[in-house]
Amino acid sequence: MSEIRLYDFELDENCYKVRLLLSVLAVPYRKMAVNMIPGGEHLEPPLLALNPRGSLPILLDGELVLSEAEPIMIYLARAYDAADKWLPSDANGLAMVAMWLQFASRDLHAAWRARRHAMFDASGDEQALHHAARRAFRLMDDHMTAREFDDAAWFVGTAPSLADLALFPAIALSRDFAVEHETYPALRRWMRRVRAIPGFITMPGIPDYY
Amino acid sequence: MQSAWYPIALAEGLERGTSVGTRLFGRELVVWRDAAGSSHVWEDRCPHRGMRLSFGFVRDNHIACLYHGWQYDASARCRYIPAHPDLAVPNSIRVATYASLERLGFVWAYGELDRADPEPLQFAERTVTPVRSLYVEATTAKVLDALASTIDRAVDNAASGTQCSRTASLVSLAISGDEILIAVQPLSEQETALHIVIAGPADVHRGASQKRISAWSEALRRKLETSTSQIRPGATS
Ligand SMILES: N[C@@H](CCC(=O)N[C@@H](CS)C(=O)NCC(=O)O)C(=O)O
Ligand code: FES
């Protein structure tokens, strides 16, 4: 079987989602470092040929070419997690994970843009982005607060799933755009649990001590 | 900030070996729990170069600064400087601290730095079941007004039994059969934290009661953040 290739930018939280999953699944792959900022390599012909949307990450596995973190995560879980631990097979569990994956790509997009704005001077209305990011974090904190009343430790079900891995980067990196963890106590406790998942890895901006 | 006791966290939510930054009237505090289980409340500023200690990390019974790794023990004295491992660190290098204690399921801090013998906290200890901390974008006065409109009684040093005073930091309410205690933390001019517990043991109140009261508090937060006018027209306290 040919080697999996991940087109990756080290400082991008969407790429980190996929690196994190590959690490907890212990799936070997070749990292193709892309100079996204400042180089803009993802917008040049070779990568646009793989992904016309001009986004990272991009995953190649044999004939398959996939872009966007959440679909890549779904593929990797189905293809390489024989026990269906990370993507449940029952209707409820699958739908709940799908809902949080969409939350990660849509509602948390404001957090991604706020971080781009703060770190790389990307355009954007800082106040509006912060407001939207904080609103999404609060929804997550309310959810995990309610989960704790049921003695549940994870976003969905009784074990960590793709939902936890897809939601973790935005809040763990929120200090990059000056949103503290002060007002998200249930997320602080959940982040500690995520950090203890076997195979957990960090990225720049997420300290590895703890 | 008045010299008084203020709630700053839910005790159970603060896990051993962790720290978190918080605020009182805009001042930055770090609250942390050591490996032995004791909680500490300090000014959130490293004496070296002023880094926030809540960005650092807790190891055993000390807290280490994220910048240059200076380590402070539970008495807030600096005991180790990684750049000078053989140095006997002078006792004068210490973090400014707030007197603190845990009661009724809350961590309380006295609002005056390095105050050695603050007056005692008036509230007696009771068995409680923690619910949650709720962070609201509203002034503390507005929060207390809203609580007063559903008030049973306010328990604070000055309260006389049936009304809620503006300086109350602890409010007691009856909500569908449960007695709940709400400790109110003024974070800044515009933000307030409500730390919420149920009076009574956890084996009775955990689960359904916690969920009901948490949902009630989210509705209160919505009301506080959307209404621009007085919650209770004509209310004075
Ligand atoms: N202050 C923390 C470490 C720093 C920190 O908060 N790290 C973030 C990631 S940048 C985190 O995951 N926090 C989870 C938490 O505070 O529980 C500690 O006392 O160990
Ligand atoms: S600022 Fe804390 S060790 Fe230097």
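Residues numbered from 1 in each chain as written. Chains lettered and ligands numbered in written order. Predicted model: local features only at pLDDT ≥ 70, side-chain atom pairs only at ≥ 80, totals over all residues. Heavy atoms only, no water.

### A few points about the overall build of chain B
Let me state the cut-off plainly: What counts as a helix is a DSSP run of H or I of at least four residues, what counts as a strand is a run of E of at least two, and both are numbered from the N terminus. Throughout, a residue-residue contact means that at least one pair of heavy atoms, one from each residue, lies within 4.5 Å.
The helix and strand tally for chain B stands at three helices and 16 strands. Sequence separation of at least 24 residues holds for 53% of the intrachain contacts in chain B that already meet a minimum separation of 6.

### Here we look at the pattern of salt bridges
For side chains bearing opposite charge, pairing can occur when the charged atoms are close. The cut-off we apply is this: We define a salt bridge as a side-chain nitrogen of Lys or Arg found within 4 Å of a carboxyl oxygen belonging to Asp or Glu. Remark: exposure states derive from per-residue accessible area (1.4 Å probe, protein chains only) relative to the maximum for the residue type, with buried under 20%, exposed over 50%, and partly exposed in between.
Taken as a whole and assessed by the stated rule, the structure comprises 31 salt bridges over all chains. Notably, a salt bridge pairs Asp-150 of chain A with Lys-211 of chain B, separated by 2.7 Å at the nearest N-O pair. One end of the pair, Asp-150 of chain A, is in the loop between helix H6 (126-149) and helix H7 (162-172); the other, Lys-211 of chain B, is in helix H3 (residues 208-226), on a second chain. Under the relative-accessibility criterion, Asp-150 of chain A is labelled partly exposed at 47%.

### Topic: the interface of chain B and chain A
Quick note on the threshold: Buried area is understood as the total, over both parts, of accessible area removed when two parts are fitted together, assessed with a 1.4 Å probe. We call two N or O atoms a polar contact when they sit within 3.5 Å, provided that within protein one can donate a hydrogen and the other can accept it, with sequence-adjacent residues counted only if both atoms are side-chain atoms. Only Asp, Glu, Lys and Arg are considered charged in this grouping, and only Ala, Val, Leu, Ile, Met, Phe, Trp, Tyr, Cys and Pro are considered nonpolar; every other residue, Gly among them, is considered polar.
Taken together, the contacts link 31 residues of chain B with 18 residues of chain A. Carbon and sulfur atoms make up 44% of the surface buried where chain B meets chain A, a total of about 2100 Å² over both sides. Of all residues in chain B, Phe-55, Tyr-135 and Lys-211 of chain B give up the largest surface area on contact with chain A, accounting jointly for 23% of the area buried on that side. Summed over the shared surface of chain B and chain A, the result is seven salt bridges. As a salt-bridge pair, Arg-221 of chain B and Asp-142 of chain A come within 2.5 Å of each other at their nearest N and O atoms. Put simply, chain B and chain A have ten residue pairs in polar contact (both at pLDDT 80 or more) between them. Secondary-structure elements contributing two or more residues to the side of chain B that touches chain A are strand E2 (18-24), strand E5 (57-59), strand E12 (128-136) and H3 of chain B. Within the side of chain B that touches chain A, the residues separate by chemical class into eight nonpolar, eleven polar and twelve charged.

### Re the sheet that holds strand E2 (residues 30-33) of chain A
All names here are of chain A. Rule in force here: In this description, strands pair whenever DSSP reports at least two bridges between them. Interaxial angle, 0 to 180 degrees, is taken between N-to-C directions of lines fitted to C-alpha atoms, where a helix line uses only the stretch in contact.
Sheet architecture is open: four strands sit in the order E2-E1-E3-E4, paired in mixed fashion. Every interior strand has two partners, whereas the edge strands, E2 and strand E4 (64-67), have only one. Averaged over all adjacent pairs, the angle separating strand axes in this sheet is 20°, with direction ignored. Pairing of strand E1 (residues 5-8) with strand E3 (residues 58-61) involves three bridges; the strand directions are antiparallel. Pairing of Arg-5 across the sheet is with Leu-60, part of E3.

### Remarks on the environment of Ser-188 of chain B
Residue and element names in this part refer to chain B. Turning to its location among the elements, Ser-188 is positioned in the loop between strand E15 (178-186) and strand E16 (192-199). For the pair Ser-188 and Ser-149, spaced 39 residues apart in sequence, the C-alpha to C-alpha distance is 23 Å. With residues near it in sequence (within four places) discarded, Ser-188 still touches Arg-23, Phe-25 and Gly-26. Here Glu-191 takes part through its side chain, which lies 2.6 Å from a polar atom of the side chain of Ser-188.

### Re the domain arrangement of chain B
All names here are of chain B. So the rule is basically this: Here the bounds of each domain stem from an automatic or database domain assignment.
Domain assignment breaks chain B into domain 1 (5-113) and domain 2 (128-226). Of note, the centres of domain 1 and domain 2, computed from C-alpha atoms alone, are 27 Å apart. With 16 residues of domain 1 in contact, the opposing surface of domain 2 contributes 18 residues. Interface area for domain 1 against domain 2, summed over the two sides, is near 1300 Å², with a carbon-plus-sulfur share of 67%. By the criterion of area lost to domain 2, the three top residues of domain 1 are Leu-10, Arg-23 and Phe-106, representing 41% of everything that side buries. Notably, a salt bridge pairs Glu-191 with Arg-23, separated by 3.0 Å at the nearest N-O pair. Along the contact surface separating domain 1 from domain 2 lie six residue pairs in polar contact (both at pLDDT 80 or more). Those elements giving two or more residues to the side of domain 1 that touches domain 2 turn out to be strand E1 (5-10), E2 and strand E11 (106-110).

### Considerations on the side chain of Ser-209 of chain B
Residue placement: Ser-209 of chain B occurs in helix H3. If near-sequence neighbours (up to four positions away) are discounted, Ser-209 of chain B is found in contact with Asp-178 and Ile-198 of chain B.

### Topic: the domain arrangement of chain A
Residues and elements named next belong to chain A. Segmenting chain A into domains produces domain 1 (5-80) and domain 2 (91-195). If you average the C-alpha positions of domain 1 and of domain 2, the two centres end up 21 Å apart. Considering only the surface of domain 1 that becomes buried against domain 2, Glu-13, Ile-37 and Glu-70 emerge as the three largest contributors, covering 36% of it. Across the pair Arg-115 and Glu-13 runs a salt bridge whose closest N-O atoms are separated by 2.6 Å. Counting across the interface, domain 1 meets domain 2 through four residue pairs in polar contact (both at pLDDT 80 or more). Residue assignment for the side of domain 1 that touches domain 2 shows that the elements contributing at least two residues are helix H1 (13-25) and helix H3 (69-80). For the side of domain 1 that touches domain 2, the element with the highest residue contribution is H1, accounting for seven residues.

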